[in-house]
Amino acid sequence: MCNLFKFGLMFLVVSMLLADVAFSQFAGKRIDAGVTCAASGSSTQVSAANGLRTSLNIINDSSTPVRIGGVNSGTPNLTDSNSIILTAYSQQNDNNPGLYLGRIVCMSTTASSVVIHVTENSLR
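Residues numbered from 1 in each chain as written. Predicted model: local features only at pLDDT ≥ 70, side-chain atom pairs only at ≥ 80, totals over all residues. Heavy atoms only, no water.

A. Spatial organisation of the overall build of the protein chain. Scanning the protein chain from terminus to terminus reveals 1 helix and 8 strands. In the protein chain, the succession of helices and strands from N to C terminus is α-β-β-β-β-β-β-β-β. Across the 124 residues in the protein chain, those meeting the buried criterion constitute 30%. Long-range pairs, those at least 24 residues apart, make up 84% of the contacts in the protein chain between residues at least 6 apart in sequence. Carbon and sulfur atoms make up 61% of the accessible area of the protein chain, which totals about 7800 Å². (Helix = DSSP H or I, 4+ residues; strand = E, 2+ residues; numbered from the N terminus. Buried < 20%, exposed > 50% of the residue type's maximum accessible area, 1.4 Å probe, protein only. Contact = heavy atoms within 4.5 Å. Areas by Shrake-Rupley, 256 points an atom, 1.4 Å probe, with all protein chains shown as cover.)

Given below as structure tokens:
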């Protein structure tokens with residue numbers, strides 16, 4: 001009977017430790033920010049490279065389309081070859097962890113700057 005009690009107690013302790021590990025993966029950080037995308041010349045950083053990113057949502061709630069690009073470094077001028085166009089009043093999101101963890105930049109498609117909204121979740 002004593003061995004059964006010890007086994008049950010060990011099972012309970014291991015279960016609690018595993019539950020703590022399982023729940024800790026959901027503890028994280030959420031960033032909600034407005035980003036002003038540059039009008040010309042060079043792009044503006046939307047999100048830094050983050051290997052712990054779990055989701056990203058970029059919302060263009062303006063009437064001006066913006067370019068969104070993934071780059072290794074810097075803030076290059078965005079063109080058709082290195083970016084996509086996020087049309088007016090639309091959004092782009094990545095709710096699958098590990099899909100793109102690199103640096104994201106934006107740039108207006110017109111001569112005026114544009115504010116977009118970004119929500120990023122990460123493990124830390």
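Having seen it, we continue.
B. Focus on the nonpolar core. Judged by nonpolar contacts, the single largest core of 13 residues is most densely connected at Val 46, Ile 58, Val 66, Ile 68, Cys 106 and Ile 116. A per-element tally of this core places strand E8 (residues 114-122) first, with 3 residues. (Core = buried A, V, L, I, M, F, W, Y, C linked by side-chain atoms within 4.5 Å.)

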